[in-house]
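Below, each chain spelled out in residue letters.
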Amino acid sequence: MTLAGEASAGFDDLSRQSLRLLGALRHHHPATADHSVRVATVMLAMWSHRPDGLGDAPLVVAAGLLHDLGKIFVPAALLDAARRLDEAEQRLIRAHPVTGAETLAALRFPAEVVAVAREHHERWEGGGYPSGVPASGLCPLVRAACVADSFVAMIEPGRAYRRHLSVAAALAEVRACSGAQFDPDFATLLTEGLGPGFQAELGLDTAPGERRPRVAGLLPSHLLERALGLPPCPW
Ligand SMILES: [Fe+2]
Ligand SMILES: [Fe+2]
């Protein structure tokens, strides 16, 4: 896998560039970078069970790692705000799919990675953003990302504006929103197809009292390292 228009050098180009941008995102807002690694890992787990139509592993991981890149243009204080945001602030945050996609396109990332950045807040039956089109017409990688992103957002602690859910409650929510917000196939894959081993792999199978520190520091990088052939993650 290479960046569009560049000479072939294996998937290292894509992975290297993705991790570089993830590093910049981490510098700006560490919690968003952690979130992005979790989303990439859930997407990778989905891919490992059903890769059809999703592309290869480095592409899936890059899409997950960079889906929220546009948040690099949103002030960190706004991303952490525990108060109700005014309209201008909401607009700024809701611009992150477009700014992220434009950045990735300018850097000549693969079209699928750009599409995930632009469309990961669209909904299966429409009414999401930025375009509001039904996600049923979007590519499978986008539809997988929509499910993985929302699931991870539900279970993550430390969000200033709401409490996180238990894994079981989040899976129930994904199930409940299947066919409305989420692609039913990918919702089923996440909630039923991955099996209990998936939660253990992500470090999500601990008791609620123990889960917070593990999830707060959760960088399930062993999956990514395995997929990308990287040395152990230093974070
Ligand atoms: Fe997002
Ligand atoms: Fe996200």
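Each chain has its residues counted from 1, following the order in which its sequence is written. As a convention, the first chain written is A and the first ligand written is 1, with the rest following in written order. Whole-chain, interface and lining totals are the exception, using all residues; otherwise, since this is a predicted model, local features are given only for residues with pLDDT of at least 70 and side-chain atom pairs are given and counted only at 80 or more.

Topic: unusual backbone geometry
- Residue P130 follows Y129 across a cis peptide bond; omega there is 10°.
- The residue P130 is located in the loop between α7 (111–119) and α8 (140–155) in this model.
- At R108, a residue that is not glycine, the phi angle is positive and equals roughly 65°.
- Counting through the fold element by element, R108 comes out in the loop between α6 (96–106) and α7.
- Of the residues examined, R108 has 14 C-beta atoms within 10 Å and is grouped as partly exposed. Think of it this way: any DSSP run of H or I at least four residues long counts as a helix, any run of E at least two long counts as a strand, and we number them from the N terminus. Any residue with 12 or fewer other C-beta atoms within 10 Å of its own C-beta is exposed, any with 20 or more is buried, and the rest are partly exposed; the C-beta atoms used are placed from the backbone.

Side note on the nonpolar core
- Judged by nonpolar contacts, the single largest core of 53 residues is most densely connected at M43, V60, A63, V113, V147 and A148.
- Among the secondary structure elements, those contributing two or more residues to this core are α1 (12–28), α2 (30–49), α3 (57–66), α6, α7, α8, α9 (167–176) and α10 (184–193). By convention the nonpolar core is taken to be a set of buried residues drawn from Ala, Val, Leu, Ile, Met, Phe, Trp, Tyr and Cys and joined through C-beta atoms within 7 Å.

Let's talk about the packing of α2 against α8
- At a minimum axis separation of 9 Å, α2 and α8 run at an interaxial angle of 130°. Classified by the angle their axes make, α2 and α8 are oblique. The handedness of the crossing between α2 and α8 comes out as right-handed. Counting all contacts with α2, which are made through H35, R38, V39, V42, M43 and M46, the residues of α8 involved are A144, A145, A148, D149, F151 and V152. Axis geometry follows a simple rule: fit a line to the C-alpha atoms, using only the stretch in contact for helices, then measure angles between N-to-C directions, giving values from 0 to 180 degrees. Put simply, angles under 35 degrees are roughly parallel, angles over 145 are roughly antiparallel, angles from 65 to 115 are roughly perpendicular, and the rest are oblique. Definitions for this section: a left-handed crossing has its near helix turned counterclockwise from the far helix by less than a right angle. A right-handed crossing has that turn clockwise. Once C-beta atoms are placed from the backbone, any two residues with those atoms within 7 Å are in contact.

Observations regarding the confidence of the model for the protein
- Per-residue pLDDT for the protein has a mean of 82; in total, 75% of the residues score no lower than 70.
- In predicted models, pLDDT denotes the confidence assigned by the predictor to each residue on a 0 to 100 scale. Overall, residues 1–11 carries pLDDT values under 50, and its contacts beyond four positions in sequence, including any with other chains, amount to 19 contacts.
- Ignoring residues within four places in sequence, the model shows residues 206–220, a span with pLDDT below 50, making 23 contacts including any to other chains.

Some remarks on α8
- What a helix should span is 1.5 Å times the count of its residues minus one. A rise of 1.5 Å per residue sets the reference length of α8, with its 16 residues, at 22 Å; its end C-alpha atoms lie 23 Å apart and thus fit the reference within 8%.
- Counted residue by residue, α8 has 13 buried out of 16 residues, so it is predominantly covered.

Focus: the environment of T188
- For T188, the position within the fold is in helix α10.
- Once the C-alpha coordinates of T188 and V147 are considered, the two residues, 41 residues apart in sequence, prove to be 9.9 Å apart.
- Other than its neighbours up to four places away in sequence, T188 contacts S178 and G193.

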